[in-house]
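Below, each chain spelled out in residue letters.
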Amino acid sequence: MSCCHYALVPGNEAAFSVDLSAIQFGHGVLADAGEHLRAMSCRRVAVFTDRTLARLEPVDVVTRAVQAAGLDAVVYDRVRVEPTDVSFRAAADFAREGRFDGYVSVGGGSVIDTCKAALLYATYPADLRAYVNAPAGEARPVPGPLPPHVACPTTCGTGSECTGIAVFDDLTLKAKTGIASRRLRPTLALIDPTCTRTLPSMVVAASGFDVLCHALESFTARPYTARPRPDRPSARPMSQGRNPWSDVGSLEALRLAGKYFVRAVHDAADSEARESLSWAATLAGIAFGNAGVHLPHAMSYAVAGLVRDWRCPGYPPDEPMVPHGISVVVNAPSVFRATAATSPGRHLQAAEALGADTRGASEGDAASVLSAALIDRMRSTGVPNGVGAVGYAEADVDALARGSILQKRLVDNAPMPVDEGAMRALFRGAMAYW
Ligand SMILES: [Fe+2]
């Protein structure tokens, strides 16, 4: 038996979920934030952002819109780029003490994720580890509904406005981990693509590769039909595996990214490219919010969490940091070389959507064709040449593999079983590409 071209397996999952935030996409939608929050019966609204963005137009537009709707707006600008357990706790304290009944986040994934965590812990106070994914935390379910959250992304990558995931760096464990619950998904996403016009090129490169990897990983994840059937529908995980719905968003995101990504990085004035990448980010966010990502993201948590002294041009220079999209893409060619054998047709289809010439390619070429398409885009956008170029060497492979294998939710969503030995091989293959 099959469902929408997915072969069903007796005893396994036979249904998939379609979950998404309400979305309004287009020029000027940020100015509507206040009206939306008023319609949701909010009166006192927390505006989450970071210090840099706090001085820029999108935050000003949203704050004025909230006030113009007759609501109180209190700005929290202490969000940390690449948040930590410490910065999550500080944001939760602010949210609890402020007694807000509505939230709006204006920024990249760090801002939106911090807002999700803050409103969760302000609504259902608990030790930070309570709702954090196992094994780092207790993975307790979110106890009930959360207050309205309007998410306004200002980059074109993370897709956080469409997902129920909040990621942070656990400074004690020296690893990235997160909180995952459908209840964390923002109530409404307001996506104004004009916000991307002022982004520095390396920020567009990093967030654009995040988009590409969301789409590629969602498209090549294990199929939803490979999981055992849950004993109740509410036990169906958000990372449910690739499915007919996520395939639609992934492929269109790859097609748009293939056409516009490099242009968007190199020319801030190319509004067609930057706005198309913004739409690709939304589609990829919807896809991975319903399929889940896998190995490049699992490995990225260790690449970002174990950083020693590498700093990325275009990002705050005060401390070492590998931006999320960079920490993901440095692993990607190595991963897709390894996963191609699990679904060569899909890997070729993805490469073709990205713009690679697949004429005459056989299934045996899938690994080299897709990884070459990615490496080509890495070179032409000036991102680091693999894990070695962000400060790691052979001596770090054990620690990187150990940190990655802990990301069970993501490792389990891969299209093939991966143990620590296989993870070490993936990192060795990711040290340098050219
Ligand atoms: Fe990501």
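Above this note sits the structure.
First, a word on scope: everything that follows refers to the structure included in this document.

Rules and cut-offs
- Residues numbered from 1 in each chain as written.
- Predicted model: local features only at pLDDT ≥ 70, side-chain atom pairs only at ≥ 80, totals over all residues.
- Heavy atoms only, no water.
- Helix = DSSP H or I, 4+ residues; strand = E, 2+ residues; numbered from the N terminus.
- Polar contact = N/O pair within 3.5 Å; in protein donor to acceptor, adjacent residues only side chain to side chain.
- Contact = heavy atoms within 4.5 Å.
- Phe/Tyr/Trp six-rings, centres within 6.5 Å; stacked < 30°, edge-to-face > 60°.
- Buried < 20%, exposed > 50% of the residue type's maximum accessible area, 1.4 Å probe, protein only.
- Donors = N, O, S within 2.8 Å, 3.2 Å for Na, K, Ca; no water.
- Tetrahedral: all angles 85-135°; square planar, octahedral: opposite > 155°, others 65-115°.
- Axes fitted to C-alpha atoms, helices over the stretch in contact; angles between N-to-C directions.
- Parallel < 35°, antiparallel > 145°, perpendicular 65-115°, else oblique.
- Nonpolar A, V, L, I, M, F, W, Y, C, P; charged D, E, K, R; others polar.
- Expected span 1.5 Å × (residues − 1).
- Salt bridge = Lys/Arg side-chain N within 4 Å of Asp/Glu carboxyl O.
- Patch = residues over 30% accessible without salt bridge, like charges linked within 9 Å, V, L, I, M, F, W, Y side chains within 5 Å.
- Areas by Shrake-Rupley, 256 points an atom, 1.4 Å probe, with all protein chains shown as cover.

The residue Arg236 is located in the loop between α5 (201-220) and α6 (244-266) in this model. Of note is the side chain of Arg236, whose polar atom sits 3.4 Å from the side chain of Ser17. Other than its neighbours up to four places away in sequence, Arg236 contacts Glu13, Ala15, Phe16, Ser17, Arg182, Arg227 and Pro230.

All right, on to the packing of aromatic side chains then. For the coordinates displayed, the defined rule picks out 12 aromatic pairs. For the pair Tyr121 and Tyr131, a centre-to-centre distance of 5.3 Å together with 55 degrees between the ring planes defines the contact as tilted. In this pair, Tyr121 sits in helix α4 (residues 109-123) while Tyr131 sits in the loop between α4 and β7 (149-153), placing the two residues 10 residues apart along the sequence. Neither Tyr121 nor Tyr131 differs from the other in exposure class; each is buried.

A few words now on the coordination of the iron ion. Protein-derived coordination of the iron ion comes from Asp210 (OD), His214 (NE2), His297 (NE2) and His324 (NE2), at a distance range of 2.2 Å. Coordination geometry of the iron ion: the four donor atoms subtend angles of 83 to 167 degrees at the metal centre, consistent with an arrangement described as irregular. Here the donor residues of the iron ion are spaced in sequence according to D-x3-H-x82-H-x26-H. Of this pair, Asp210 sits in helix α5 while His297 sits in helix α8 (residues 295-305), placing them 87 residues apart in sequence. The pair formed by Asp210 and His297 is uniform in burial state, with each residue classed as buried.

Between α5 and α8, the shortest axis-to-axis distance is 9 Å and the interhelical angle comes to 135 degrees. By the angle class used here, α5 and α8 are oblique. From α5, Asp210, Cys213, His214 and Glu217 reach across to α8, where they touch Leu295, Pro296 and His297. Classifying every residue of the contact of α5 with α8 by side-chain character gives three nonpolar, two polar and two charged.

Locating Ser207 in the fold gives a position in helix α5. For Ser207, a relative accessible area of 9% translates into the label buried. For the pair formed by Ser207 and Ser278, sequence separation is 71 residues and the distance between their alpha carbons is 9.9 Å. A polar contact of 2.7 Å, which involves the side chain of Ser207, links it to the backbone oxygen of Val203.

What follows deals with helix α7 (residues 271-291). Its 21 residues give α7 an end-to-end C-alpha distance of 30 Å, which sits within 8% of 30 Å, the value for a rise of 1.5 Å per residue. Burial within α7 is extensive, with 18 of its 21 residues counted as buried. Following α7 by one or two positions, Gly292 adopts a phi angle in the positive range, close to 95 degrees.

Before going further, it helps to examine the pattern of salt bridges. Applying the stated criterion across every chain yields a total of 25 salt bridges. Among the ionic pairs, Asp396 bridges to Arg308, the shortest N-O distance being 3.0 Å. Within this pair, whereas Asp396 is found in the loop between α12 (366-381) and α13 (397-405), its partner Arg308 is found in the loop between α8 and α9 (324-329), the two being separated by 88 residues in sequence. A salt bridge links Glu420 to Arg424; the nearest nitrogen and oxygen atoms lie 3.9 Å apart. With Glu420 and Arg424 both in helix α15 (residues 420-429) and four residues apart, this pair spans about one turn of that helix. The class of Arg424 is partly exposed, set by a relative accessible area of 26%.

Relative to the assigned elements, Ala134 resides in the loop between α4 and β7. Taking the relative accessible area as the measure of exposure, Ala134 reaches 48% and is therefore partly exposed. A C-alpha to C-alpha distance of 24 Å links Ala134 and Val81, two positions 53 residues apart in sequence.

For the rest of this paragraph, the subject is a nonpolar patch on the surface. Together, Val18, Leu20 and Trp245 give the surface a local cluster of nonpolar side chains, amounting to about 240 Å² of exposed area. Its relative accessible area of 31% is what places Trp245 among the partly exposed residues.

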